[in-house]
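# Chain and residue survey
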Amino acid sequence: MATAVALPLQGREWRRFGRLLVGNPGSVRRPLAFLVVAVIASTIASSSFLTLGNLKSLLTSSSFLIVLACGEAFVVLMGMIDLGVESMLSCAGMLAAWLLVFEGLPGWLSFLCAMVFGAVVGSLVGMIVTRVRVPSFVVTLGTYWGLLGIALLFNGGNYIAPSEGSHVVFTFGGIAGTSFGVSNLVFMMLGVVVAAQLVLSYTPVGLWVRAVGSNEQAGKAVGIPTRNLKVTAFVVSGSLAALAGVMIAAWQVSIYPTSGSGMSLQAIAGVILGGVPFMGGRGTVVGAAIGALVIGIINDVIVLVGLSSNYEYIFVAAVLVLAGLQARGGEFVK
Amino acid sequence: MSEQAQTTQIQVPASGGTPTGKGLPSEALSGGAPGATGQRDVPLLSVRGVSKYFGPVTAVDNVDLDIYPQEVLGLIGDNGAGKSTFLSLLTGYNRADQGSFLYKGTPVTITSPRESRNKLRIEMIYQQLQLARDLTVWENLFLGEELRLWGFVMDRRTMRKQAASVLERLHSKVRPNDLLGSLSGGEQQVVAIGRAVLFERDIILMDEPTAAISAAKVEDLLALVRELKALGKSVILVSHRLEDILAVADRVAVLVLGKLHCVVPNKGLSVASLVHLMFGGSTEAVADEQLLAAARWQARHGAEGG
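Residues numbered from 1 in each chain as written. Chains lettered and ligands numbered in written order. Predicted model: local features only at pLDDT ≥ 70, side-chain atom pairs only at ≥ 80, totals over all residues.

### Topic: the overall build of chain A
Our working definition: Secondary structure follows DSSP: runs of H or I at least 4 residues long count as helices, runs of E at least 2 residues long count as strands, and numbering of each begins at the N terminus. Working definition of burial: number of other C-beta atoms within 10 Å of the residue's own, with buried at 20 or more, exposed at 12 or fewer, and partly exposed in between, all C-beta atoms being placed from the backbone. Two residues form a contact once the distance between their C-beta atoms, set from the backbone, is within 7 Å.
Helix and strand content of chain A: 13 helices and 2 strands. The buried share among the 334 residues of chain A stands at 51%. Pairs at least 24 apart in sequence give 77% of the contacts found in chain A among residues at least 6 apart.

### What about the packing of helix α11 (residues 263-273) of chain A against helix α12 (residues 285-304) of chain A?
All names here are of chain A. Spelled out, the test is: The convention used is that axes are lines fitted to C-alpha atoms, helices contributing only their stretch in contact, and that angles between N-to-C directions extend from 0 to 180 degrees. Throughout this description, any angle smaller than 35 degrees is read as roughly parallel, any larger than 145 degrees as roughly antiparallel, any in the 65 to 115 degree range as roughly perpendicular, and the remainder as oblique. Handedness of a crossing is defined here by the sense of rotation of the near helix relative to the far one, left-handed for an anticlockwise turn of less than a right angle and right-handed for a clockwise turn.
Where α11 meets α12, the axes come as close as 7 Å, and the angle between the chain directions of the two elements is 120°. By the angle class used here, α11 and α12 are oblique. α11 and α12 meet at a crossing whose hand is right-handed. Between α11 and α12, the contacting residues are Gln 266, Ala 267, Ala 269, Gly 270, Val 271, Ile 272 and Leu 273 on the first element and Ala 288, Gly 291, Ala 292, Val 294 and Ile 295 on the second.

### Side note on the domain arrangement of chain B
Residues and elements named next belong to chain B. Inclusion rule: The source of the domain bounds is an automatic or database domain assignment. Classes in brief: Ala, Val, Leu, Ile, Met, Phe, Trp, Tyr, Cys and Pro nonpolar; Asp, Glu, Lys and Arg charged; the others, Gly included, polar.
Domain annotation of chain B identifies domain 1 (3-121 + 203-305) and domain 2 (130-201). On the domain 2 side, the residues contacting the 14 residues of domain 1 number 10 residues. Top contributing element to the side of domain 1 that touches domain 2 by residue count: helix α7 (residues 215-230), with 6 residues. The class makeup of the residues in the side of domain 1 that touches domain 2 is 9 nonpolar, no polar and 5 charged.

### Here we look at the packing of helix α4 (residues 85-101) of chain A against α11(A)
All names here are of chain A. Two elements in contact, α4 and α11, have axes whose closest approach is 6 Å; the angle formed by their N-to-C orientations is 125°. Relative to α11, the element α4 is oriented oblique. Here Val 85, Glu 86 and Leu 89 of α4 lie close against α11, whose contacting residues are Met 263, Ser 264 and Ala 267.

### Focus: the nonpolar core
Cut-off, in case you're wondering: Any nonpolar core is a set of buried residues, restricted to Ala, Val, Leu, Ile, Met, Phe, Trp, Tyr and Cys, that join up through C-beta atoms within 7 Å.
The biggest cluster of nonpolar side chains holds 189 residues, and the ones touching the most others in it are A:Leu68, A:Cys70 and A:Ala96. Looking at this core, the element that brings in the most residues is helix α10 (residues 226-252) of chain A, giving 17 residues. Summarising the domain contributions, this core has at least three residues from each of domain 1 (3-121 + 203-305) and domain 2 (130-201) of chain B. Look past the residues within four positions of A:Cys70 in its chain and what remains in contact with it is A:Val192, A:Val193, A:Ala196, A:Leu240, A:Val285, A:Ala288 and A:Ala289.

Written out as structure tokens, the structure is:
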């Protein structure tokens, strides 16, 4: 005769425990759980992972992707996609470098021009998506190729860097320096994440972004300017991609037309890992930033354990499938 | 027959008295039927000769209608009769091609949903509830009209507090921080209605509110409609469930192929008589039915009184 075994937790209790641990879909607790697992696994894999030097280096090298993911998060939260951020990163970085090196503009002005370029292209993308009603996937696939083409034209397909002995300083207003022993790029990245999350959580615009992603008709019914809001999301995405381009140029002291290669999909993966579903409506910028950081950790630990960087894609794919599975899961019980 | 004469009102006394005006052509353009609920001075909103065309199709054709304070007006008609289009003209979602609107006797225009809500204090509750399932209850309640600090920061604390107060007024167990997607259809209806109460709207338009909820919850919703009336609101209720209309409406307006066929007080009406009117049937037969019902009522109460 079978005997009933009393398990410590059963059915509903398990779900309650799960909710307590990782929250509902969209909760920042889910990417945090991924981060904790990634940190533990990386520490086990390499003893040098949890060293101050490595963590600083990890944050600096991940800062570009995190900034890209923050912009992408606004677009995905509204149920759209921006495939062109990596080309914008390269193109804006090349523009800033070209203005600085070839046109002799001051670093801060080159930086500003690149940001304005990102915002203008973002607004054009937004206008085509909302006014002409071309799906964002198609329009941004266009900017992906178009901006890459423009980036290649700046210096005949070659990289741009200050020539040896040149008086040109490639810091764009000192953004590549350090403060308190940490790269300024990390502070910039943190500033972007905090500002974006504050907008999303505490301003009506942030609420409207999530509302439009959740139910666009509901937004329209209460008078939210949905089209302008979508344009704004692409402006934010374009501007932050341009910022990441200048950041990467300042960090590398050079910029290639293909510097952003592969980063669009990585940024989108970070956003999904961060708990923002593909249809939008819920999730956080902090979550997207953590998702991007997890991808950065995967890259970092592959180097630390001496694996070929070719393995990166397989690891990212595995984590992304896991993220997709958790996003698919329904809400836990109340 | 002229356009005006096609709109018919039937007058039946609210209580006792001799029923009059059997199938009379409308004298006024109002299309209303004064006398049903007692407070009939100035209409809250008057619609005058309003038409809406979609290309060659006339969706709403020269409609005149008055909406009075604190009344429930049932709006019925067959599919394609123009009910939803008519409501969309009141909400500003569509603009009327012809005609005018009077708000408390003053001519007004309705050009946008925002204007309709803020200027005319009209709230629309759609058949497919226009709520965001990924937002919390309080976020849905205040969406588009958030309370702010310093002009740009949401006053989340006050909004949560006010949301809790409104939900309590509507006798709901829903909590402000609940995720909308976790609520039942009936609870979501409460949230949609809560917006109207929260922002002190005067007129609430409800398009098929019982279509998406279980039969067991219909009575709860009708109780909410009565509650809204008790709170001083006017409700225009569109429903294919004619028994719901009969249960709560003070008057019933019937649209047939975009035209206002008639407006009848909800006295002695039956589902059969409403179906008769919905398909363009004569108001005289309905008036006969109403007269009969009024006579029965009078006889019963007379006998009780005697």
